[in-house]
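A closer look at the structure
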Amino acid sequence: MGTAYRVCKDITVHMNIATEPSKAVAALPDAQIVTEVQHYTGSLFRFRTTRPRSLRFRAGEFVMIGLMGDPDPANGKRKPLLRAYSIASPTWDDGLEFYSIKVKDGPLTSRLQHIQPGDQIILRPKPVGTLVHDALLPGKRLWFFASGTGIAPFASLLREPQTYEDYERVILTHTCRETAELKYGADLIETIRGDELLRDLIGDGFADRLTYYPTTTRDDGPKTGRVTRLLRNGTLFADLGIDRMDPEIDRAMVCGSLGLNTDMKEILEGFGLREGANAAPAEYVVEKAFVG
Ligand SMILES: Cc1cc2nc3c(=O)[nH]c(=O)nc-3n(C[C@H](O)[C@H](O)[C@H](O)COP(=O)(O)OP(=O)(O)OC[C@H]3O[C@@H](n4cnc5c(N)ncnc54)[C@H](O)[C@@H]3O)c2cc1C
């Protein structure tokens with residue numbers, strides 16, 4: 001399902017859209033075909049691939065994806081070069097979407113950033129993860145706290161009907177260094193608000209229960225400052241008309257840098273929320289957006 005994304009005039013966006021290639025031959029083990037690529041900045045892009053028929057996942061989970069590595073100089077053999085990636089598309093989508101960093105000299109992303117529609121990537125169809133509804137106890141308000149590419153699992157959860165069936169209010173905060181890095185999330189929210197399929201699935205007015213709160217740390221974006229600071233000094237609550245977080249009402253998922261995750265754990269526990277897991281659901285869950 002190739003979503004047409006709006007091209008913003010102040011940001012360079014290169015978009016290549018291909019429909020499912022009819023003659024694509026999957027030569028790699030676990031190969032999937034790239035169907036669409038969109039670059040946002042020099043360090044961020046999204047892409048879509050075909051989805052294996054057998055792949056079932058829960059919104060918020062991640063899989064291992066990658067490319068074949070260079071030949072080993074000793075024996076000439078090539079091994080897959082795989083990294084963890086959150087699935088950004090919802091479970092009902094025919095294809096898969098990923099949102100990626102481009103790390104300079106990164107073993108995978110220095111190459112992955114050059115993929116084009118029709119190319120193949122490797123996808124190991126074994127989804128796992130803690131950012132899932134099953135790891136949270138029932139609540140009324142669901143918070144998604146993301147930094148950088150940590151928004152990816154929430155892009156899936158935000159398009160999942162269960163999110164709006166289970167919660168009265170859904171709040172996404174996304175913190176990046178610069179405004180240009182917010183575009184993926186801003187486009188996502190705009191698409192969700194206007195999506196007729198989601199409205200049919202979830203019901204009229206569902207988008208009114210969704211709050212988007214983007215912040216930047218290095219330029220004058222819509223709101224300046226780390227979300228952790230805005231939480232600690234009460235600005236976030238004042239802006240949203242919420243008194244404070246309450247373990248009876250609030251549930252939270254956190255995905256970002258080690259700094260965000262560590263600080264958010266302390267803040268959430270300060271409000272009385274406890275960390276949950278698949279086997280022991282509680283009030284909040286955390287997952288790192290990358291290692292390092
Ligand atoms: C559970 C999990 C889910 C992940 N989901 C995603 C995802 O949806 N999208 C994504 O782009 N990456 C994601 N990552 C990170 C991803 O696995 C790779 O690290 C990334 O693609 C870079 O690969 P690389 O081989 O080029 O560089 P690597 O050798 O893997 O990383 C080199 C260095 O780059 C930095 N880095 C890596 N990834 C990021 C990132 N996403 N944001 C900022 N800095 C980073 C770190 O400092 C790291 O030490 C996830 C990681 C984990 C553990």
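To keep things clear, this report deals only with the structure shown in the data block. Keep in mind it's a predicted model, so treat the numbers as computed, not measured. (Residues numbered from 1 in each chain as written. Predicted model: local features only at pLDDT ≥ 70, side-chain atom pairs only at ≥ 80, totals over all residues.)

**Observations regarding the overall build of the protein**
Selection rule: Strands here mean DSSP runs of E at least two residues long; helices mean DSSP runs of H or I at least four residues long; both are numbered from the N terminus. We call a residue exposed when 12 or fewer other C-beta atoms sit within 10 Å of its C-beta, buried when the count reaches 20 or more, and partly exposed for counts in between; the C-beta positions come from the backbone.
In terms of helices and strands, the protein carries eight helices and twelve strands. In the protein, buried positions account for 40% of the 292 residues.

**Here's the deal with the pairing of strand S7 (residues 120-128)**
Rules: Any two strands are treated as partners once DSSP identifies two or more bridges connecting them.
Pairing geometry for strand S2 (residues 31-41) and S7, over three bridges, is antiparallel. Opposite isoleucine 33, over in S7, you have glutamine 120 as the bridge partner. Sheet topology places strand S4 (residues 62-68) next to S7; four bridges connect them, and they run antiparallel. Residue pairing across strands places phenylalanine 62 opposite valine 128, the latter belonging to S7.

**A closer look at the environment of phenylalanine 45**
Put simply, the rule is: Contacts are defined on C-beta atoms placed from the backbone: any two residues whose C-beta positions lie within 7 Å are in contact.
Within the secondary structure layout, phenylalanine 45 lies in strand S3 (residues 44-49). Phenylalanine 45 gets classed as buried once you count the C-beta atoms within 10 Å, which come to 22. Note: C-alpha distance between phenylalanine 45 and tyrosine 99 (54 residues apart in sequence) is 6.0 Å. Not counting residues within four places of it along the chain, the set of residues in contact with phenylalanine 45 comprises Val37, Gln38, His39, Tyr40, Ser100, Lys102 and Gln113.

**Structural notes on the sheet that holds strand S12 (residues 284-288)**
Convention followed: Axes here refer to lines fitted to C-alpha atoms; in helices the fit is confined to the stretch in contact. Angles between the N-to-C directions go from 0 to 180 degrees.
Read from one edge to the other, the open sheet built from five strands follows the order S10-S9-S8-S11-S12, with strand pairing classed as parallel. Of all the strands in the sheet, the pair left with one neighbour each is strand S10 (210-216) and S12. Ignoring which end each strand starts from, the neighbouring axes of this sheet average 10 degrees apart. Bridging between strand S8 (residues 141-147) and strand S11 (residues 250-256) involves six bridges; their strand directions are parallel.

**Notes on helix H8 (residues 258-270)**
Cut-off, in case you're wondering: Helices are assigned an expected span. That span is 1.5 Å times one less than the residue count. Of all possible arcs, the one meant is that of the directions from the helix axis to the C-beta atoms.
Look at H8: 18 Å from first C-alpha to last across 13 residues, which is about the 18 Å you get at 1.5 Å a residue. Within the span of H8, buried status applies to Leu260, Asp263, Met264 and Leu268. One side of H8 carries all its buried residues, which in axial view fall inside an arc of 130 degrees. Among the exposed residues of H8, those oriented more than 90 degrees off its buried face are Leu258, Gly259, Glu266 and Gly270. Packed against the buried residues of H8 are S8, helix H6 (227-232), S11 and S12.

**Describing the nonpolar core**
Short version of the rule: A set of buried Ala, Val, Leu, Ile, Met, Phe, Trp, Tyr and Cys residues, joined to one another through C-beta atoms within 7 Å, is what we call a nonpolar core. Residue ranges labeled as domains rest on an automatic or database domain assignment.
Ranked by internal contacts, the top residues of the largest apolar core, which has 64 residues, are Phe144, Phe145, Phe154 and Val254. For this core, the element with the highest residue contribution is S8, accounting for five residues. Split by domain, this core shows at least three residues from each of two domains, domain 1 (14-128) and domain 2 (133-288). For phenylalanine 154, the contacting residues outside a window of four places in its chain are Phe144, Ala146, Leu172 and Cys255.

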